[in-house]
Amino acid sequence: MRSSELNTNYHQFCSTFLDFKNDISKKKIISGPWCYDHEFFENNTNSDEKIINYQNDISEKDYRYLQDLLEIFSKKIGFSLNKLHNLNFSDRYWNILILPWLMTYLTSQFSRWKILQEALLINKNLKILKLKNLNFTPAKTTAEYLNLIKSSDEFNYFTFRNILTYLKDTGQINLEEIIINDRKKNYDNVLPERNNLFLNIIENINLFLVKKNNIYIDNNLFKKKNFFKINFFLKQIPIFLFNRDFDNKILKSIKYDFNVRNNLKLKKDPNFNDDHLKLFLNQRILLDLPICFVEGYKNLKKSLEKINFFPKLILSGFNHYHNERYKLWIAEIISQQKTKFLISSHGGGNQLKYSSCLQFEKKIADTKLVWTKPREKNDKQMPPIKFIGNHFKIKKRKYLIFIEEPSWKYPVRFEKGSSFKNYNLLKIIKKRLNKNVYDDFIYLPSTDSTDLEKKAVKNLINDKYYEKNRVFHKFQKFSKITLCAFPETAFLESMLNGPTILVNDFKKKPIINDDMFNYLQLEENKISFPTVEEAVEHINNIWNNVEQWWEQDSIKKLLEKFKHCLCKYDSNALKTWSNFLIEKKERENNS
């Protein structure tokens, strides 16, 4: 259909590249830069194309609203799953399983809802494409949902379209679908396959060895060397259970059943009134639940029958996010009241006032072991596991190191940077840095960055881009100044290491403040700046005498407060951890 045939009062809404590449109207509303390559995005002067400038920041009002959604829908989903599976488990049981998915799902739906609300301010008469040969394929697991929602054009196409359909059905927009034959085959969610025989042998060996262990430690929590050491201190055998590939093996052949989902419809909640996002979620959320919680639940549960292991303590770091069998095992033994569940922070995000996990772990852990001073009643401050064994000593201060902020193609959880944030900062840094400083500039990429931004960054700075990721520990001993664009793990590690500059607007991304430590102290000591222009000016001014700035008494005192409040560094941290676990175990034995 030619654009001349379309009603000129309508805009084509482009949610993804799939929409944008099919030109059905001159007038377009573009959901974000993910719809096309960045070179086109920067140089686009088409006045008929309106681009939604969605910011990945969050207000206190929105954060509390998301926490409210988490509370409401975790209870509703738990009730429905009990009914479906003919069970009577507690809220905590289901929270252990679903909250890692639910907090990602809610923040993702919320961001797309906000984008569409911005679009409706431009025009409530919209046309969208209906791709005839493309069918919705749901996620099988929590991990797969995250991978799809952060990067898949097809998955996001359906996510936006579901919201648009709801807005049309409730009379909030005029929506016309233009059917096209765009693709010959559906997109695939292909779960990786591994050698099943090998996995079974490894698991059976570990199940035999684990019988005398009183503490189960997530084998991904500590570095391998430290994992073996702490088990030695605890006088138990290091165990490697719950390989996530088993999730893929068990769920591979399980099919999505729309009829089962449709029969699970949530009842209308009179308390929702005219809150259309809540009403939409109430209608949609059970249809979007990963297969592992619905059609595949009994298969996962059956796979645990051979695991006859009931430790006194479970210490988890990250596997309770995305490992379905592991989560189910934890939920099962906790429901039998045989185990205490401890969760350790795996990164430095607990100091953020609005943490992207919505503080869901307080609902499932008996104790959360955090880097910061406690913020929840079941928090306990402990030395950061990530930094155990790190020796923060400068060998030769030479480089200005820029630590890339992780980013995903599509907005998911608001702790990730906006698309092309790093690139936009770099343009200013390159332009404003003195030549002698830029000569010693190195850009260290993260493990999470989009291909489009990576390409743009490389073209901008050429050989300043270091190809390998996860190498800050190799470069930090040569860092003259480390420049961070986000106040999380890399910033905390850099502060322990030496001279550090942070670019962060604390009004948009605040941290927890108390009487001893607050962000104003970082700004007063010229460690943190709200704009990159101010940060670069400071770097230029101090480059020839960084030590004079960093060795000031005020900064030394601030670093002590920083360690006490945000990052409890301990040179004998492994022993501190083992003593804590031994005491905790003995307390459980005597209870």
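So, how was this worked out
Residues numbered from 1 in each chain as written. Predicted model: local features only at pLDDT ≥ 70, side-chain atom pairs only at ≥ 80, totals over all residues. Heavy atoms only, no water. Axes fitted to C-alpha atoms, helices over the stretch in contact; angles between N-to-C directions. Helix = DSSP H or I, 4+ residues; strand = E, 2+ residues; numbered from the N terminus. Parallel < 35°, antiparallel > 145°, perpendicular 65-115°, else oblique. Left-handed = near helix turned anticlockwise from the far one by under 90°. Contact = heavy atoms within 4.5 Å. Nonpolar A, V, L, I, M, F, W, Y, C, P; charged D, E, K, R; others polar. Buried < 20%, exposed > 50% of the residue type's maximum accessible area, 1.4 Å probe, protein only. Polar contact = N/O pair within 3.5 Å; in protein donor to acceptor, adjacent residues only side chain to side chain. Salt bridge = Lys/Arg side-chain N within 4 Å of Asp/Glu carboxyl O. Bend = angle between axes of the 7 residues up to and from the residue.

Novice: Could you clarify how one ought to interpret the packing of helix α4 (residues 91-122) against helix α5 (residues 142-151) in this entry?
Specialist: In a packed pair of helices, the relevant descriptors are the angle between the two axes and the axis-to-axis distance. Interaxial distance between α4 and α5 falls to 9 Å at its minimum, and their mutual angle equals 20 degrees. By the angle between their axes, α4 is roughly parallel relative to α5. Handedness of the crossing formed by α4 with α5: left-handed. Two secondary-structure elements touch here, α4 through Pro100, Trp101, Thr104, Tyr105, Ser108, Gln109 and Arg112 and α5 through Thr142, Tyr145, Leu146 and Ile149. For the contact of α4 with α5, the per-class residue count stands at six nonpolar, four polar and one charged.

Novice: Which parts of the structure should I look at to understand the side chain of lysine 368?
Specialist: Inspection of the secondary structure assignment puts lysine 368 in strand β9 (residues 367-370). According to the relative accessible area criterion, lysine 368 is buried, its value standing at 8%. At 2.7 Å, the side chain of lysine 368 forms a polar contact with the side chain of glutamate 361. Not counting residues within four places of it along the chain, the set of residues in contact with lysine 368 comprises Ile343, Ser345, Asn350, Glu361, Asn378, Asp379 and Lys380.

Novice: Please clarify how the pattern of salt bridges should be interpreted in this entry.
Specialist: As a working rule, side chains carrying opposite charge can pair if their charged atoms are close by. As enumerated under the stated definition, the model contains 30 salt bridges in all. Across the pair lysine 435 and aspartate 439 runs a salt bridge whose closest N-O atoms are separated by 3.2 Å. Under the relative-accessibility criterion, aspartate 439 is labelled partly exposed at 41%.

Novice: What should I look at first to understand α4 in this one?
Specialist: Because each turn of an α-helix spans 3.6 residues, side chains separated by three or four positions end up pointing in the same direction. Isoleucine 98 marks where α4 bends most, by close to 55 degrees; the proline proline 100 follows one to four residues later. With 25 of its 32 residues buried, α4 lies for the most part within the structure.

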